[in-house]
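Residue strings, one per chain:
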Amino acid sequence: MKKEEKELIFNLLKNASALDNGFIDNRFSTAPLFVDDNSVQENTAETISESDSSNKISLPASAETSSEKISLQETNSGKTIDEIKTKILRCTRCQLARTRNNVVPGQGVEHPDVLVIGEGPGYDEDMQGLPFVGKAGMLLDKMLNAIQLDRKSNCYIANIVKCRPPENRDPLPEEQSACFSFLEAQIHILKPKMILCMGRISGNKMLNTESPVSQLHGKFFDYNGIPLMVTYHPSALLRNEDLKRPAWEDLKCFKAKLNQITGAN
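Note that the structure is predicted; figures quoted are calculated from it, not measured.

Draft legend 1. Just the overall build of the protein chain, in detail. Looking only at helices and strands, the protein chain has 10 helices and six strands in total. Counting all 265 residues of the protein chain, 46% fall into the buried class. Per element, the accessible surface of the protein chain, about 13800 Å² overall, is 47% carbon and sulfur.

Draft legend 2. Quick peek at the packing of helix α6 (residues 173-190) against helix α7 (residues 200-207). Interaxial distance between α6 and α7 falls to 12 Å at its minimum, and their mutual angle equals 75 degrees. With respect to their mutual orientation, α6 and α7 come out roughly perpendicular. Together, Gln176, Ser177, Phe180, Leu183 and Ile187 of α6 and Ile201, Lys205 and Met206 of α7 make up the contact between the two elements. Here the contact of α6 with α7 is composed, by residue class, of five nonpolar, two polar and one charged.

Draft legend 3. Spatial organisation of the pairing of strand β5 (residues 220-223). Sheet topology note: the β5/strand β6 (residues 226-231) ladder contains four bridges and is antiparallel. Within β6, the residue paired with Asp222 across the bridge is Pro227. Where β5 folds back onto β6 in an antiparallel hairpin, the turn is made up of two residues, including Asn224, whose phi is positive at roughly 50 degrees.

Draft legend 4. Here's a closer look at the packing of helix α3 (residues 81-89) against α6. Interaxial distance between α3 and α6 falls to 10 Å at its minimum, and their mutual angle equals 170 degrees. Here α3 is positioned roughly antiparallel relative to α6, judged by the angle of their axes. Across from Ile81, Ile84, Lys87 and Ile88 in α3, the residues of α6 making contact are Phe182, Ala185, Gln186, Ile189 and Leu190. Here the residues of the contact of α3 with α6 are counted per class, giving seven nonpolar, one polar and one charged.

Draft legend 5. Geometry of α3. If you check which residues of α3 are buried, you get Ile81, Ile84, Lys87 and Ile88. The buried residues of α3 occupy an angular sector of 120 degrees when projected down its axis, which confines them to one face.

Draft legend 6. Fine view of the confidence of the model for the protein chain. On average, residues of the protein chain score 83 in pLDDT, and 72% of them reach the 70 mark or higher. Of the regions scoring below 50 in pLDDT, residues 39-78 engages in 67 contacts with residues more than four places distant in sequence or in other chains.

Draft legend 7. Main features of the sheet that holds β5. Taken together, six strands build an open sheet; the order of strands is β1-β3-β2-β4-β6-β5 and the sheet is mixed. Either end of the sheet is taken by a strand with one partner, and the two such strands are β1 (107-108) and β5. Packing against the sheet, helix α5 (residues 135-146) makes contact with β2 (114-118), β3 (155-159) and β4 (194-198), and its axis sits at approximately 145 degrees to β4.

Draft legend 8. Region of the structure containing the environment of Lys244. Relative to the elements of secondary structure, Lys244 occurs in helix α10 (residues 244-262). Along the primary structure Lys244 and Met143 are separated by 101 residues, whereas in three dimensions their C-alpha atoms are 9.9 Å apart.

Parameters and conventions
- Residues numbered from 1 in each chain as written.
- Predicted model: local features only at pLDDT ≥ 70, side-chain atom pairs only at ≥ 80, totals over all residues.
- Heavy atoms only, no water.
- Helix = DSSP H or I, 4+ residues; strand = E, 2+ residues; numbered from the N terminus.
- Buried < 20%, exposed > 50% of the residue type's maximum accessible area, 1.4 Å probe, protein only.
- Areas by Shrake-Rupley, 256 points an atom, 1.4 Å probe, with all protein chains shown as cover.
- Axes fitted to C-alpha atoms, helices over the stretch in contact; angles between N-to-C directions.
- Parallel < 35°, antiparallel > 145°, perpendicular 65-115°, else oblique.
- Contact = heavy atoms within 4.5 Å.
- Nonpolar A, V, L, I, M, F, W, Y, C, P; charged D, E, K, R; others polar.
- Pairing = 2+ DSSP bridges.
- Arc of directions from axis to C-beta.
- pLDDT = per-residue confidence, 0-100.

So, in structure tokens, the structure goes:
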């Protein structure tokens, strides 16, 4: 591929990203130094897939696998949670868009006390378009209710990825990266007082670590000025009842911190 062709593709992707997100993605803020290839590669990952009917452009592999986080300062502060939801519903940034039944943007109240972040939708969530509505979701509701939290009154529930990975596999790093700017925008708009991460995938992505949940749970971390705790995913508790006691201790500690922040008894 010629240098000029690469520059054209880069600019097309930059413009498409800006139109979709409402701001310039950090991945396109600085243009790479392009050079001519020695030979043309067939089926290159940088090929743009453009549909006349949908006018959607696929991201190059290099952009999809980028782990760079979108700066919160670049998020349009005028956006609403409903506007972000609209963008999420029409997203085709990664391969999960081809296998989903429904997108699962999130559910809850605006300006919640707590933002609960899971891994990604499962079968029931994919069918209903709502987060945590299966067996694990029912257990999550009980866990939250035990510390006076509810998605209908003071919580918002979201996921690292908004579409179900096939067979409920772990979302791939490139799928997480493609979706993460949506979650960042949600955090920027919702402005939760605290964040509760459910499970390894959520905790690892939010904290940029690969540590196991057994090392992360029950501790407080700082996420852009917001206290964040990781605890065990409800699915893990359904598989291993021995984890229920440490999870309950995590929740009690989390509630005590929230009470301290809000001034509640």
